[in-house]
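# A closer look at the structure
Below are the chains, spelled out letter by letter.
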Amino acid sequence: MSKTVETVVDQITVSENKIILVRFATITKENGKVVNKKYNYASFAQGDDISDQPEIVQSVCAIVWA
């Protein structure tokens with residue numbers, strides 16, 4: 001029985017005032033089937049340090065905050 005856990009960017013939303021809202025999904029799979037999914041959220045405003053965030057989040061921030 002193989003078990004894997006991965007965290008992915010599940011959703012990105014941009015608010016009216018250019019706040020970036022990110023939902024991360026932590027997905028647990030056993031034998032290729034999803035057995036659990038948990039969500040964590042983060043928000044970023046212009047000027048926040050996003051250097052440790054996934055490339056897709058950095059790209060969206062760069063476009064919105066340009």
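Preceding this section is the structure that the text describes.
Read on for a plain summary of the structure. (Residues numbered from 1 in each chain as written. Predicted model: local features only at pLDDT ≥ 70, side-chain atom pairs only at ≥ 80, totals over all residues. Heavy atoms only, no water.)

### As for the nonpolar core
In terms of nonpolar packing, the biggest core is built from nine residues, these being I20, V22, F24, F44, I50, V57, C61, V64 and W65. Secondary structure elements with two or more residues in this core: β2 (20-30) and α1 (55-64). Those residues in contact with F44 that sit more than four places away from it in its chain are K18, I19, I20, V22, I50, Q53, V57 and W65. (Core = buried A, V, L, I, M, F, W, Y, C linked by side-chain atoms within 4.5 Å. Buried < 20%, exposed > 50% of the residue type's maximum accessible area, 1.4 Å probe, protein only. Helix = DSSP H or I, 4+ residues; strand = E, 2+ residues; numbered from the N terminus. Contact = heavy atoms within 4.5 Å.)

### Observations regarding the pattern of salt bridges
Working definition: two side chains of opposite charge can pair if their charged atoms are close together. Scanning all chains against the criterion turns up two salt bridges. Here K29 ties to E6 by a salt bridge, and the two come within 3.9 Å at their closest N and O atoms. Linking K29 in strand β2 with E6 in strand β1 (residues 3-14), this pair joins segments that are 23 residues apart in sequence. Among the residues examined, E6 registers a relative accessible area of 37% and is labelled partly exposed. A salt bridge links D10 to R23; the nearest nitrogen and oxygen atoms lie 2.2 Å apart. Of this pair, D10 sits in strand β1 while R23 sits in strand β2; the two residues are 13 residues apart in sequence, bridging distant segments of the chain. (Salt bridge = Lys/Arg side-chain N within 4 Å of Asp/Glu carboxyl O.)

### Describing the packing of aromatic side chains
What the rule picks out here adds up to zero aromatic pairs. Its end group placed over the ring of Y39, R23 keeps NZ or CZ at 4.3 Å from the ring centre. (Phe/Tyr/Trp six-rings, centres within 6.5 Å; stacked < 30°, edge-to-face > 60°. Lys NZ or Arg CZ within 6 Å of the ring centre and 35° of its normal.)

### Notes on the side chain of Q53
With respect to the element layout, Q53 can be found in the loop between β3 (33-44) and α1. Excluding anything up to four places from it in sequence, Q53 contacts F24, F44 and Q58.

### A closer look at α1
If you check which residues of α1 are buried, you get V57, C61 and V64. Each buried residue of α1 sits inside an arc of 70° when the element is viewed along its axis, so together they form one side. Of the exposed residues in α1, the ones pointing more than 90 degrees away from its buried face are E55, A62 and I63. Looking at the buried side of α1, the elements it contacts are β1, β2 and β3. (Arc of directions from axis to C-beta.)

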